[in-house]
Number of protein chains: 2
Amino acid sequence: MKKYTIKDIAQLAGVSKGTVDRVLHKRGKVSEIALEKVTKILNEIEYKPNPIAKNLKINKIYKLAVILPDAQKDSYWEPCSGAIKEVENEFQHFGIEINKFVFDASETSSFLETSLNVITTKPDAILMVPLFQKEAKEIVTKCNINNIKVSVFNNYIDSNYSNNFIGQDLYQSGRVAAKLMDMVLKKGTIGIVHIDEDYQNATHLQEKEKGFRSYFNSLNTLDYDITTIHLNYKKSESFNNSLLSFLDKNPNINGIFVTISKSYVVVEALKERASDIAIVGYDLVKKNIDYLKQGEIDFLIHQKPKQQVYMGLSYLAEYFLFDKEIPSQLLLPLDIVTSENVDGYLM
Amino acid sequence: MKKYTIKDIAQLAGVSKGTVDRVLHKRGKVSEIALEKVTKILNEIEYKPNPIAKNLKINKIYKLAVILPDAQKDSYWEPCSGAIKEVENEFQHFGIEINKFVFDASETSSFLETSLNVITTKPDAILMVPLFQKEAKEIVTKCNINNIKVSVFNNYIDSNYSNNFIGQDLYQSGRVAAKLMDMVLKKGTIGIVHIDEDYQNATHLQEKEKGFRSYFNSLNTLDYDITTIHLNYKKSESFNNSLLSFLDKNPNINGIFVTISKSYVVVEALKERASDIAIVGYDLVKKNIDYLKQGEIDFLIHQKPKQQVYMGLSYLAEYFLFDKEIPSQLLLPLDIVTSENVDGYLM
DNA sequence: TTGTAGGCGTTATCAG
DNA sequence: CTGATAACGCCTACAA
């Protein structure tokens with residue numbers, strides 16, 4: 001199981017290294033007879049180019065760009081910066097450069113503007129959150145024209161558009177939430193709380209709700225009653241009022257499933273009255289963690305934004321450097337987080 | 001933020017590349033004055049050697065050996081083979097060769113024999129499961145003498161002996177189990193079932209029990225009653241009898257915490273009588289998964305043997321190839337697995 | 001169409 | 001003690 005080099009092949013085929021290289025890369029300008037000799041050898045042995053040597057010479061710096069919502073406005077995105085730094089560190093010797101660009105997730109125009117701006121920096125690849133489907137598709141099309149590779153994470157986009165999605169199965173994550181609720185409650189009335197911030201794509205939350213309901217439907221029981229409510233969160237006061245009036249209308253509710261990372265605002269609203277309501281939500285943002293540890297939140301499902309970025313960038317780097325294939329879809333496991341295992345997830 | 005090379009440093013210091021190399025590698029044979037000039041430059045800039053070039057030159061094949069229990073006898077170890085293949089694939093171009101060696105986990109002598117055998121193959125590093133502390137230490141000492149790097153996974157070993165442990169915080173994992181039990185039961189009588197197979201090191205299971213009990217102690221409540229039992233599993237018949245007689249003596253038990261991967265034998269024993277006992281256990285072995293999906297097991301904690309091997313080998317490979325530091329301890333998150341998220345963990 | 005020469009950054013060797 | 005030089009495997013350019 002010898003490791004063959006171009007030199008070896010050249011020797012075996014009785015030609016020069018240059019000719020072998022031309023055959024390997026199909027650059028043409030090779031006589032039939034030489035081509036035959038070389039391909040014969042190539043079929044006999046298993047040649048794999050040494051990716052290290054390739055890179056040493058090329059000496060090109062690959063530019064990767066990450067486009068994601070501003071973590072200042074939604075701390076869900078905060079851990080992503082860490083992932084960017086880690087990947088940058090890991091691959092900087094190999095000639096990988098990563099730049100981060102943020103947009104205001106409440107403004108479609110901000111996304112579009114930022115993305116167009118990124119394209120002008122001529123990166124080799126873009127890793128982005130396609131929060132706004134229509135605009136994202138526009139950007140992807142532009143990237144294709146400019147020969148920029150695109151990966152998306154966190155939010156799904158038409159497979160015609162992305163070569164590579166990294167995220168979670170949202171439907172299934174709804175089912176996980178349902179299962180947890182079931183384990184804790186055994187029976188009762190459950191409220192599904194969507195906290196829309198306009199910008200969030202509706203499909204995102206709907207998938208979770210569908211999964212959640214499908215679990216209880218498949219139980220085939222009358223033990224549960226499920227109601228959905230859409231709320232807005234602009235000011236805490238009006239939010240609290242809306243939520244509490246929802247609870248007044250549904251006084252038996254003993255479980256709430258919060259479909260985005262804002263479980264903590266529900267906890268804070270509930271503080272205004274004594275209650276023993278189980279809460280299942282999403283994401284390890286600071287306030288959620290605090291309430292989880294205090295026992296106010298029962299379970300959180302971890303959407304792992306950091307790992308998503310880490311994986312997405314690693315794939316791109318290894319694609320450029322080592323010709324690795326990028327899987328078209330990577331669904332990360334749905335981690336269930338409680339007060340007792342949360343620390344292990346905060347790296 | 002320029003990338004400096006040895007050539008650059010040589011130029012800046014007004015010496016030759018050779019001298020810089022000698023300073024960098026502390027080979028001596030450098031005049032005080034040259035040493036000073038070079039170190040001065042080195043302090044001013046941030047030089048990081050290019051691992052690619054180094055590897056290209058060295059062109060050595062690094063041999064890694066993995067020593068672990070036979071998966072034929074305990075399927076817990078099955079996924080490890082997959083990890084070995086993956087890492088091998090990923091790094092084979094870079095000159096990494098991995099060999100797997102298994103031992104019979106029920107025989108101390110088998111471990112010792114296998115390990116000694118491995119040492120004669122002169123690997124550059126060994127990744128092993130130090131199931132038997134005393135013998136493992138002996139092996140580590142031998143490795144040190146032979147300049148073989150050692151990493152351990154799954155089971156902890158004295159930090160004097162290993163440079164590198166990959167596994168989980170067992171105490172905390174006991175607490176996680178307790179938390180889950182608490183969520184499901186609210187109150188009641190709980191049995192902790194240790195299924196010793198002699199070979200398993202007692203400390204392993206004791207840590208889990210300690211964590212489990214500590215959680216309930218910190219609740220400061222009288223709602224729970226906890227009893228421990230040690231069982232042997234040689235034949236299912238005698239095991240079932242022992243377990244059932246334990247239940248007869250403790251008729252109120254409504255939760256069982258199984259501290260190793262054999263939850264399924266408990267499920268099978270319980271089948272002999274109608275019962276509604278919550279079960280929390282460990283590990284995604286085939287039968288456990290089946291019972292989890294059928295609702296016979298409530299929660300499993302995933303000890304991730306595959307990831308442990310994957311991480312352990314990756315670290316070693318990157319240590320040799322790219323001079324990466326190996327963290328002295330990597331504690332993997334404690335994944336909570338239910339019927340709804342189990343598929344995501346079976347890669 | 002082909003072969004050869006040179007260079008990427010590092011290391012090892014050898015002559016000075 | 002030091003500096004020049006060759007080599008690792010691949011790719012590009014240029015000369016034949």
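It should be noted that the structure appears before, not after, this text.
Residues numbered from 1 in each chain as written. Chains lettered and ligands numbered in written order. Predicted model: local features only at pLDDT ≥ 70, side-chain atom pairs only at ≥ 80, totals over all residues. Heavy atoms only, no water.

**Overview of the protein's contact with DNA strand D**
In plain terms, the rule: One heavy atom within 4 Å of a molecule or strand makes the whole residue count as near it. N or O atoms closer than or at 3.5 Å make up a polar contact, with two conditions inside protein: a donor-capable atom paired with an acceptor-capable one, and, for residues adjacent in sequence, both atoms drawn from side chains.
Of all residues adjacent to DNA strand D, which total 24 residues, the nearest are I6, R27 and Y47 of chain A together with T19 and S31 of chain B. Considering the 4 Å shell around the protein, atoms of DNA strand D inside it are sugar or phosphate in 69% of instances. A distance of 2.2 Å separates a phosphate oxygen of DNA strand D from a polar side-chain atom of S31 of chain B. Take K57 of chain B: an N or O atom from its side chain is 3.0 Å from a base nitrogen of DNA strand D.

**Here we look at helix α7 (residues 133–145) of chain B**
Residue and element names in this part refer to chain B. Operational definition: Helix numbers and strand numbers start at the N terminus; a helix is a DSSP run of H or I with at least 4 residues, a strand a run of E with at least 2. How far a helix is expected to stretch is found by multiplying one less than its residue total by 1.5 Å. Burial status follows relative accessibility: with a 1.4 Å probe on protein chains alone, a residue under 20% of its type maximum counts as buried, one over 50% as exposed, and anything between as partly exposed. Directions are taken from the helix axis to each C-beta atom, and the arc is the one they span. Contacts between residues were defined by any pair of non-hydrogen atoms, one from each residue, lying within 4.5 Å.
Taking 1.5 Å as the rise per residue, α7 with 13 residues should run 18 Å; its terminal C-alpha atoms sit 19 Å apart, in good agreement. Those residues of α7 lying buried are E135, A136, I139, V140 and C143. For α7, the angular spread of the buried residues around the axis is 140 degrees, confining them to a single face. Of the exposed residues in α7, the ones pointing more than 90 degrees away from its buried face are K134, N144 and I145. On its buried face, α7 is in contact with α6 (108–120), β3 (125–128) and β4 (149–153). Remark: N147 follows α7 within two positions and exhibits a positive phi of approximately 60 degrees.

**Things to note about the protein's contact with DNA strand C**
We apply this condition: Gly is put with the polar residues, along with every residue not named as nonpolar or charged; the nonpolar set is Ala, Val, Leu, Ile, Met, Phe, Trp, Tyr, Cys and Pro, and the charged set is Asp, Glu, Lys and Arg.
For DNA strand C, the set of nearby residues contains 24 residues, the closest of which are T19 and S31 of chain A together with I6, H25 and Y47 of chain B. Backbone atoms, meaning sugar plus phosphate, form 62% of the atoms of DNA strand C positioned within 4 Å of the protein. Between DNA strand C and the protein, one listed contact pairs a phosphate oxygen with a backbone N or O atom of N50 of chain B at 2.9 Å. For the surface near DNA strand C, the secondary structure elements donating two or more residues are α2 (17–24) and α4 (51–58) of chain A together with α1 (6–13), α2 (17–24) and α4 (51–58) of chain B. Looking at the surface near DNA strand C, its residues break down into 8 nonpolar, 7 polar and 9 charged.

**What to know about the pairing of strand β2 (residues 96–103) of chain B**
All names here are of chain B. Put simply, the rule is: Any two strands with at least two DSSP-identified bridges between them are counted as paired. For crossovers, right-handed means that the path from the first strand over the helix to the second runs clockwise, given strands pointing away from the viewer.
In the sheet, strand β1 (residues 62–69) pairs with β2 via 8 bridges, with the strands oriented parallel. When the sheet's bridge partners are listed, L68 is paired in β2 with V102. Crossover β1 to β2 through helix α5 (residues 79–91) is right-handed.

**Considering the relation of the copies chain B and chain A**
Just so we agree on the cut-off: For the least-squares superposition of copies, only C-alpha atoms count, and only for residues with pLDDT at least 70 in both.
Least-squares fitting of chain B to chain A yields an RMSD of 0.8 Å, with the transformation described by 0.3 Å of translation along the axis and a rotation of 178 degrees. Given the turn and translation reported, the copies of this chain are related as if by a two-fold rotation axis. Mapped onto chain A, 100% of the interface residues of chain B again fall at the interface, so both copies present the same surface.

**Observations regarding the side chain of K208 of chain B**
Residue and element names in this part refer to chain B. Condition: Charge counting follows a simple rule: Lys and Arg are positive, Asp and Glu are negative, and His as well as the terminal groups are ignored. Should a side-chain nitrogen of Lys or Arg be within 4 Å of a carboxyl oxygen of Asp or Glu, the pair is scored as a salt bridge.
Considering the arrangement of structural elements, one finds K208 in helix α9 (residues 202–219). Buried charged residue K208 carries no salt bridge. Nearest counter-charge: D283, at 5.8 Å. Contact partners of K208, with chain neighbours within four places excluded, come to L170, S173, G174, F257, T259, Y282 and Q303.

**Points about the packing of helix α6 (residues 108–120) of chain A against helix α7 (residues 133–145) of chain A**
Residues and elements named next belong to chain A. Which entries qualify depends on this criterion: Where helices are involved, their axes are fitted lines through C-alpha atoms of the stretch in contact, as for all axes, and angles between N-to-C directions lie from 0 to 180°. Oblique is the label for any angle not under 35 degrees, not over 145, and not in the 65 to 115 range, which are roughly parallel, roughly antiparallel and roughly perpendicular in turn.
At a minimum axis distance of 10 Å, the contact between α6 and α7 shows a crossing angle of 10 degrees. Taken together, the axes of α6 and α7 are roughly parallel relative to one another. Where α6 abuts α7, its residues T108, F111, L112, S115, L116 and I119 lie against E135, A136, E138, I139, K142 and C143. A per-class count over the contact of α6 with α7 returns 7 nonpolar, 2 polar and 3 charged.

**Remarks on the pairing of strand β10 (residues 299–302) of chain A**
All names here are of chain A. What you see with β10 is no split at all: F299 and I301 on one side and L300 and H302 on the other are buried throughout. Looking at chain direction, strand β9 (residues 278–282) and β10 are connected through 3 bridges and run parallel. Pairing of V280 across the sheet is with F299, part of β10. Chirality of the crossover, the property in question, places the unit of β9, helix α12 (residues 286–294) and β10 among those that are right-handed. With 3 bridges connecting them, β10 and strand β12 (residues 335–337) associate as antiparallel partners. Across the sheet, I301 pairs through a bridge with I336, a residue of β12.

**Thoughts on the side chain of T19 of chain A**
Residue and element names in this part refer to chain A. Positionally, T19 belongs in helix α2. The exposure class assigned to T19 is buried, which follows from its relative accessible area of 14%. Every residue in contact with T19, bar those within four places of it in the chain, is listed here: V30 and A34.

**Some details on the interface of chain B and chain A**
The condition is simple: Summed over both partners, the accessible area lost on bringing two parts together, with a 1.4 Å probe, is the buried area.
Each partner contributes residues to the interface: chain B has 38 residues there, and chain A has 39 residues. When chain B packs against chain A, close to 3,400 Å² is buried across both sides, 62% of that on carbon and sulfur atoms. Taken as a group, I52, H93 and E340 of chain B account for 20% of the area that chain B buries against chain A, more than any other trio of residues on that side. Viewed at the interface, chain A and chain B are joined by 4 salt bridges. Two residues, K324 of chain A and E90 of chain B, come together in a salt bridge whose shortest N-O distance is 3.6 Å. Run the count over chain B and chain A and you get 12 residue pairs in polar contact (both at pLDDT 80 or more). When contributions to the side of chain B that touches chain A are tallied by element, the ones reaching two or more residues are α4, α8 (170–185), α13 (305–322), β12 (335–337) and α14 (342–345) of chain B. Broken down by element, the side of chain B that touches chain A gets its largest block of residues, 7 residues, from α8 of chain B. Considering only residue class, the side of chain B that touches chain A consists of 17 nonpolar, 10 polar and 11 charged.

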